[in-house]
Amino acid sequence: MTTLSRGRQRLAQQVIDQLRAQIETGKLRVGDQLPTEPQLEATFGVSRTVVREAIADLRSAGFVKPIQGKGVFVADPKAHSMLSLTPVEIKSIPETLELLEFRMAAEGEAAAIAAYRRTAEQEAAIREANRRMANLIETGQQTVEADYAFHMAIAAATNNRFYVAVLRQFGPRAIPRGQFPTLPEANDRDYLQKVYAEHVEILSAIADQDPERARQAMRAHMLASQRRYRMLAEQQ
């Protein structure tokens, strides 16, 4: 599963790069409809999960937009950025990328340690935080605090006070979308379901006491966020 997770991230990035190139060169123009999911799967030779992950990232960066009942269409990313990001948010992007880089290293190891040190009670706390986030997504409520609680529960499960102290120092601002409230993804159900699915993979590895799988699942989670905010940075 570790290999699959890393491979899916690479494949998603390849799909993103190729679709972006088509948009930026004008092969796909603003207003054009993207091929259907099965067509994209066949074109790129990837799974539906990879296609959906790539589209979700392109959507959050403003390159495409879904229209209910019709499909996914090419959007104007510059217009998206200008409409969505405030000056404060734009200035926050470099710091967000630095924080995600740090968290990838620290929390990747925290997840691995938690996988072999966690108690049954600590596993239950991680599971409860993730369940709470799922409920908030379902009811359309804010999820930043629950997302942060999930990561804090993993830090606690390392039984190493320094992991807890570091994450506590950042507080909920460690969750990037909390710093970008005007971005559509901050309240986008499809995007939040994707984040939740990434959490499920991390939780599953910790529950199975598989340190390497937990490490890679957490890294994949952070890499997905990095990818989205790098695309935003490139638009500024």
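Notes on the structure in this doc start here. The structure presented is a predicted model; accordingly, all values stated were derived computationally and were not measured.

### Quick look at the pattern of salt bridges
Then comes step 1: Tallying each qualifying case throughout the model produces 18 salt bridges.
Then comes step 2: Close ionic contact of glutamate 37 with arginine 48 constitutes a salt bridge, the shortest N to O distance being 3.4 Å. Linking glutamate 37 in helix H2 (residues 37-44) with arginine 48 in helix H3 (residues 48-60), this pair joins segments that are 11 residues apart in sequence.
Then comes step 3: Among the salt bridges present, the one from lysine 194 reaches glutamate 198, with a minimum N-O distance of 2.8 Å. With lysine 194 and glutamate 198 both in helix H9 (residues 189-207), this residue pair falls four residues apart, about one helical turn.
Then comes step 4: Using a relative accessible area of 12% as the deciding quantity, one classes lysine 194 as buried.
Then comes step 5: Where salt bridges share partners, they join Glu37, Glu41, Arg48 and Arg52 into one cluster.

### Some remarks on the environment of arginine 8
Then comes step 1: Note on placement: arginine 8 falls in helix H1 (residues 2-24).
Then comes step 2: By relative accessible area, which is 18% here, arginine 8 ends up buried.
Then comes step 3: Here arginine 8 is in contact with Thr49, Val50, Glu53 and Glu201, once residues within four sequence places are set aside.

### Structural notes on H3
Then comes step 1: End to end, H3 covers 18 Å across 13 residues, agreeing with the expected 18 Å (1.5 Å per residue, within 8%).
Then comes step 2: Along H3, the residues classified as buried are Val50, Val51, Glu53, Ala54, Ile55, Ala56, Asp57, Leu58 and Ser60.

Each value, and the rule that gives it
- Residues numbered from 1 in each chain as written.
- Predicted model: local features only at pLDDT ≥ 70, side-chain atom pairs only at ≥ 80, totals over all residues.
- Heavy atoms only, no water.
- Salt bridge = Lys/Arg side-chain N within 4 Å of Asp/Glu carboxyl O.
- Helix = DSSP H or I, 4+ residues; strand = E, 2+ residues; numbered from the N terminus.
- Buried < 20%, exposed > 50% of the residue type's maximum accessible area, 1.4 Å probe, protein only.
- Contact = heavy atoms within 4.5 Å.
- Expected span 1.5 Å × (residues − 1).

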